[in-house]
Amino acid sequence: MQPGNSYSRVFSVLVSFGLLTLVNAAADRTSEQGEATITGSSSTSSSSIFFPQEFTFSFTHSDPTEECTPYEYAPVTDALNSFPPVWKGASILSSDSAALAMWNSISDSIPTDIAVKVSFYASFISSNYSSSDPDCWWTYDQCITPKLTGLPPDVAAAPEPSTLGYGFDDGPNCSHNAFYDYLDSQNQKATFYFIGSNVAQWPLEAQRALTDGHEICAHTWSHPYMTTVASEDAFAELWYSLQMIKLAVGVTPTCWRPPYGDVDDRIRAIANALGLTTIMWKYDSQDADVDSGNVDGGQVTDADVVSNYNAFIQTAASGTFQTVGAILLSHEIDNFSMTEAISFYPQLKSVFQHIVPVGVSLNKTQPYVETNYSLPTFEQYVAGTLIVNSTTSSSTISSSSSSSTTSQSSTSSISSPSASSKGGQTTASKNAAYKVMDFGYGHVLLLLVTVFFWTSGLLNF
Ligand SMILES: [Zn+2]
């Protein structure tokens, strides 16, 4: 054996290590931080075999090919068999003793004399429904004050004067980095209503919402018309969306928004029993209704959305919200909705004195079941304190730290990332650990293969 061969062998191993390191560095799909940095400048449309047919992603100022390429995030992937199939209507899993116990404990309080709507359109069009609106069915007449005793009214406006309760439905969207970057650049926080199935597929994108200081509410597991869903399954829609957010992000929301606003007192009773405030809206940008391929899709043109935004801005400018603020329905569902949100933000800023997350407008300083994360009060927020953490921001959330039943989960034994804000130690170190594992196994494998070929004489350099 000549010395030169030894040197070149060592050199080749080093080069191999270097190449693998470069590959790793190019696309970190294992951490919120890595995922948040994926952006580009391409403008393309793409759909994915990993999504239902109705999902088409179209993006500008981002890299949809990379951002929307599915990845594995072990804490979620390993627990998927504890959840209903993504994008399928939820039911309580027979093996889920925590969900069954919770349902059994609340089912007596759920009204059985409010009919499950046969189907959204059939119930609506057939006029079987009494004009007195006995169920306080929002879809029928935008009722937000329940007729069933003991239920709080829905939140449909920001209580603070000249204030916009800012929020977006249907996320996390796999290509929301440019939009979240924009919000970050404006020091603007918002409320995000996450669909459980989307969180399951894009957990790191869900984590970014919390990391960036936004508020997270639930938006069901599979986005059904909730009044058409049997009570036990409606419970499952909410339950599993909460459990998935807890698993992926580390917090359990205490607010929710019904898909399509389709809620009545039966569904409100289920949400209320789960500790969830129902957040509605009075104004609708219809930004998700343009492309019928979206979950909220309908027959609306781009121009309609622009005119809806303009009308809303005009309404604000005319002083309508001087006493009580407003909530506008808008989405992070696709490039169009996010682009419109960005383009109208400066005008919204000019007509509202304050733009805040809905929870902040409600002075809801504890937005989650877990007590180690706080929102600022409205006064603190408008004075510039956008994020408030607990004194234990680097501690890992433990489900036992909460007495609320909603924190009980079949998956609660899996440690969740910290709820701390940007730079949260637990999240960072946990993700670093995954990174190190990837790095370690990959390099060890490469080393073994190299040594094998080397000693076999097949690699003769
Ligand atoms: Zn929705």
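Scroll up to find the structure.
Residues numbered from 1 in each chain as written. Predicted model: local features only at pLDDT ≥ 70, side-chain atom pairs only at ≥ 80, totals over all residues. Heavy atoms only, no water.

Draft legend 1. Representation of the environment of Ala-230 within the structure. Its place among the elements puts Ala-230 in the loop between strand 5 (215-218) and helix 11 (231-249). Between the alpha carbons of Ala-230 and Arg-266 there is a distance of 9.7 Å; along the sequence they are 36 residues apart. Ignoring anything within four residues of it in the chain, the contact list for Ala-230 reads Val-116 and Arg-266. (Helix = DSSP H or I, 4+ residues; strand = E, 2+ residues; numbered from the N terminus. Contact = heavy atoms within 4.5 Å.)

Draft legend 2. Inspection of the pattern of salt bridges at higher detail. As enumerated under the stated definition, the model contains 9 salt bridges in all. Here Lys-117 ties to Asp-264 by a salt bridge, and the two come within 2.9 Å at their closest N and O atoms. Note that Lys-117 is positioned in the loop between helix 5 (97-106) and helix 6 (120-126) and Asp-264 in the loop between strand 6 (255-256) and helix 12 (265-273), a separation of 147 residues in sequence. Pair check on accessibility: Lys-117 and Asp-264 agree, each one buried. In this structure, Asp-154 and Arg-268 form a salt bridge, with 2.9 Å as the shortest nitrogen-oxygen distance. With Asp-154 in the loop between helix 7 (138-141) and strand 3 (163-171) and Arg-268 in helix 12, the pair connects residues that are 114 residues apart, well separated along the chain. Asp-154 sits in the buried class, given a relative accessible area of 7%. Residues joined in a network through salt bridges with shared partners are Lys-117, Asp-135 and Asp-264. (Salt bridge = Lys/Arg side-chain N within 4 Å of Asp/Glu carboxyl O. Buried < 20%, exposed > 50% of the residue type's maximum accessible area, 1.4 Å probe, protein only.)

Draft legend 3. Layout of unusual backbone geometry. Pro-172 follows Gly-171 through a cis peptide bond whose omega is -5°. Following the sequence through the fold, Pro-172 ends up in the loop between strand 3 and helix 8 (177-185). One non-glycine residue with positive phi stands out, namely Cys-136, at about 50°. The backbone of Tyr-260 sits at a positive phi, close to 60°, despite the residue not being glycine. Along the chain, Tyr-260 falls in the loop between strand 6 and helix 12. Taking the relative accessible area as the measure of exposure, Tyr-260 reaches 24% and is therefore partly exposed.

Draft legend 4. How the structure looks around the packing of helix 13 (residues 302-317) against helix 14 (residues 335-351). It is at 10 Å that the axes of helix 13 and helix 14 come closest, and there the two elements cross at 20°. It follows that helix 13 is roughly parallel to helix 14 by the angle criterion. The two elements helix 13 and helix 14 cross, and the hand of that crossing is right-handed. When helix 13 is examined against helix 14, the residues Asp-302, Val-305, Val-306, Tyr-309, Asn-310, Phe-312, Ile-313, Ala-316 and Ala-317 are found in contact with a partner set consisting of Phe-336, Glu-340, Ala-341, Phe-344, Gln-347, Leu-348 and Val-351. Of the residues that constitute the contact of helix 13 with helix 14, the class distribution is 12 nonpolar, 2 polar and 2 charged. (Axes fitted to C-alpha atoms, helices over the stretch in contact; angles between N-to-C directions. Parallel < 35°, antiparallel > 145°, perpendicular 65-115°, else oblique. Left-handed = near helix turned anticlockwise from the far one by under 90°. Nonpolar A, V, L, I, M, F, W, Y, C, P; charged D, E, K, R; others polar.)

Draft legend 5. Geometry of the pairing of strand 9 (residues 326-329). The alternating pattern of strand 9 places Ala-326 and Leu-328 on one face and Ile-327 and Leu-329 on the opposite face, and all of these are buried. Here 2 bridges tie strand 3 to strand 9, and the two strands are oriented parallel to one another. Residue Leu-164 lies in a different strand from strand 9, and its bridge partner there is Ala-326. When strand 8 (residues 283-284) meets strand 9, the two strands line up parallel, connected through 2 bridges. Within strand 9, the residue paired with Tyr-283 across the bridge is Leu-328. (Pairing = 2+ DSSP bridges.)

Draft legend 6. Up close: the nonpolar core. The biggest cluster of nonpolar side chains holds 97 residues, and the ones touching the most others in it are Tyr-166, Phe-194, Phe-235, Tyr-240, Trp-256, Leu-348 and Phe-352. Sort the elements by how many residues they give to this core and helix 11 lands first, with 12 residues. If we ignore the near neighbours within four places in the chain, the residues touching Phe-352 are Ser-162, Thr-163, Leu-164, Phe-312, Ala-316, Phe-321 and Ala-326. (Core = buried A, V, L, I, M, F, W, Y, C linked by side-chain atoms within 4.5 Å.)

Draft legend 7. Quick peek at the state of the cysteines. Under the definition given, this model contains 3 disulfides. A disulfide bridge connects Cys-68 with Cys-174, and the sulfur atoms are separated by 2.0 Å. Judged by the sign of its S-S torsion, about 85°, the cystine formed by Cys-68 and Cys-174 is right-handed. Of this pair, Cys-68 sits in the loop between helix 3 (64-67) and helix 4 (74-77) while Cys-174 sits in the loop between strand 3 and helix 8, and the two are 106 residues apart along the sequence. Exposure class is identical for Cys-68 and Cys-174. Each is buried. Between the sulfur atoms of Cys-136 and its disulfide partner Cys-143 the distance amounts to 1.9 Å. Disulfide Cys-136-Cys-143: torsion about the S-S bond near -100°, hence left-handed. A residue is classified by how much of its surface remains accessible, and Cys-136, at 0% relative accessible area, is buried. When the bonded cysteines of the chain are counted from the start of the sequence, the pairing works out to 1-4, 2-3, 5-6. (Disulfide = S-S within 2.5 Å.)

Draft legend 8. Helix 10 (residues 203-211), seen in detail. Among the 9 residues that make up helix 10, 9 are buried, leaving the element largely enclosed by the rest of the structure. Turning to helix 10, its buried residues are Pro-203, Leu-204, Glu-205, Ala-206, Gln-207, Arg-208, Ala-209, Leu-210 and Thr-211. Following helix 10 by one or two positions, Gly-213 has its phi on the positive side, about 90°.

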